Amino acid sequence: MLQFDVVTLFPAMFDAVTGSGVTGRARERRLYELVLWNPRDFATNSYRTIDDRPYGGGPGMVMMPEPLEKALGAARQRQKSSGVSKPRVLHLTPQGRLLDNQLVRELAGEQGLVMLAGRYEGIDERLVGRVVDDEVSIGDYVLSGGELAAMVVIDCVVRQLPGALGDAESAVQDSFANGLLDHPHYTRPELYDGAAVPSVLLSGNHADVARWRLKQSLGRTWCRRPDLLAKRNLSAAESSLLEEFKREAE
Ligand code: 9D3
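Conventions adopted
- Residues numbered from 1 in each chain as written.
- Predicted model: local features only at pLDDT ≥ 70, side-chain atom pairs only at ≥ 80, totals over all residues.
- Heavy atoms only, no water.
- Helix = DSSP H or I, 4+ residues; strand = E, 2+ residues; numbered from the N terminus.
- Expected span 1.5 Å × (residues − 1).
- Buried < 20%, exposed > 50% of the residue type's maximum accessible area, 1.4 Å probe, protein only.
- Arc of directions from axis to C-beta.
- Salt bridge = Lys/Arg side-chain N within 4 Å of Asp/Glu carboxyl O.
- Contact = heavy atoms within 4.5 Å.
- Phe/Tyr/Trp six-rings, centres within 6.5 Å; stacked < 30°, edge-to-face > 60°.
- Core = buried A, V, L, I, M, F, W, Y, C linked by side-chain atoms within 4.5 Å.
- Near = heavy atom within 4 Å.
- Polar contact = N/O pair within 3.5 Å; in protein donor to acceptor, adjacent residues only side chain to side chain.
- Areas by Shrake-Rupley, 256 points an atom, 1.4 Å probe, with all protein chains shown as cover.

**Description of helix H9 (residues 236–249)**
- With 14 residues, H9 should reach 20 Å at 1.5 Å per residue; the first-to-last C-alpha distance of 20 Å fits that figure.
- Listing the buried residues of H9 in full gives Glu238, Leu241, Leu242 and Phe245. For H9, the angular spread of buried residues about the axis comes to 100°, placing them on one side. Exposed residues pointing more than 90 degrees away from the buried face of H9 are listed as Ala236 and Arg247.

Structure, rendered in structure tokens:
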């Protein structure tokens, strides 16, 4: 069973992951365990202070190393008692390596992950050098803290665990697993507010449906995410479907 420990000032936020959907069900099925550690519980003074002003001046506050290191120590010990001798320690930070599906699959292969979710301007750098294996960012936008990023990591990783997804949602068919964006989806009614479902989807011809969907995937990726296409080799069949899409787009 994959072991997650997260060090966070806002443990209640993680109810969102454990309580609902794929990650909620996976936890009920004991596919992973998640334990939260609040650095405030490891603060050393009577005000339970966990942040202080930055050396060198400037706005905002910095998380103090001592309560964080103590919380991390407790998390590590719990991992050890769960049979994980070397958990991978991640620090969620805007300065980190961008999370992508390759990193997600790598993390899903670990026995245990300990994540450090920062608040304020960040954490004392001396702690990073001492305990952190990887720094990870989820994208080029500004969050208020590392918690949502840690939840994104948990969600993506748990989906990769065998048994987490039902037959209907198998991860292999996910967008990005094949390096392309998904095709459009339709359900009943056949005519919605004057808009029809593409007729090929009603044809019952499975080969035609598959061809149409692949063409849409290629076309959308070409329009919206050319960076993904640049990373991927197209087969002869895919190239000609994409050319077809481009001709029809004119
Ligand atoms: C606005 C303050 N920023 C420059 C002075 C620095 C800053 C510090 C801490 C900006 C954001 C945060 C909180 N973000 C995270 O902890 C975080 C994050 C993110 O903001 N974007 C993408 N991935 C991540 S992972 C952790």
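Once you've had a look at it, read on.
**Notes on the pattern of salt bridges**
- Applying the stated criterion to the full structure yields 18 salt bridges.
- Between Arg130 and Glu69 there is a salt bridge, with the nearest N and O atoms lying 3.6 Å from each other. Remark: Glu69 occurs in helix H3 (residues 65–81) and Arg130 occurs in helix H5 (residues 125–131); sequence separation between them is 61 residues.
- A residue is classified by how much of its surface remains accessible, and Arg130, at 59% relative accessible area, is exposed.
- Under the relative-accessibility criterion, Glu69 is labelled partly exposed at 31%.
- Across the pair Arg88 and Glu106 runs a salt bridge, and its minimum N-O distance is 2.9 Å. Residue Arg88 is found in strand S5 (residues 88–98), and its partner Glu106 is found in helix H4 (residues 101–108); the two are separated by 18 residues along the sequence.
- Given the relative accessible area of 11%, Arg88 is considered buried.
- Here the salt bridges share partners, and the residues they tie into one network are Arg88, Arg97, Glu106, Glu110 and Asp134.

**What about the environment of Leu201?**
- Within the element layout of this structure, Leu201 appears in the loop between strand S9 (195–196) and helix H7 (206–224).
- The spacing of Leu201 and Tyr186 is 15 residues in sequence and 8.7 Å in space, taken between C-alpha atoms.
- Leaving out residues up to four positions away in the same chain, Leu201 has contacts with Tyr186, Val209, Trp212 and Arg213.

**Description of the packing of aromatic side chains**
- Tallied over the full model, the rule gives two aromatic pairs.
- Ring geometry for Phe4 and Tyr32: centres 5.7 Å apart, planes at 85°, overall edge-to-face. Placement of Phe4 in strand S1 (residues 2–7) and of Tyr32 in strand S2 (residues 32–37) is noted, with a sequence separation of 28 residues between them. Grouping residues by exposure puts Phe4 and Tyr32 together as buried.
- When the centroid spacing of 6.3 Å and the interplanar angle of 55° are considered together, the rings of Trp37 and Phe42 count as tilted.

**Quick look at the nonpolar core**
- Counting 28 residues, the largest nonpolar core has Phe4, Tyr32, Met115 and Ile154 as its most contacted members.
- Breaking this core down by element, the ones donating at least two residues are S1, S2, S5, H4, strand S6 (112–117) and helix H6 (147–160).
- The element that contributes the greatest number of residues to this core is H6, accounting for seven residues.
- If we ignore the near neighbours within four places in the chain, the residues touching Phe4 are Tyr32, Glu33, Leu34, Val35, Arg78, Gln79, Leu113, Met115, Ile154, Val157 and Val158.
- Leu9, Leu68, Leu116 and Val132 belong to the second largest nonpolar core, which has 19 residues in total.

**Some thoughts on the site of the ligand**
- Around the ligand, a shell composed of 16 residues is seen, among which Ile138, Gly139, Tyr141, Leu143 and Gly146 lie nearest.
- The separation between a nitrogen atom of the ligand and a polar side-chain atom of Ser137 is 3.4 Å.
- Here an oxygen atom of the ligand sits 3.2 Å away from a polar atom, N or O, in the main chain of Gly146.
- Protein chains bury 72% of the 570 Å² of accessible surface belonging to the ligand in isolation.
- Elements with a contribution of two residues or more to the shell around the ligand: S5 and strand S7 (134–137).

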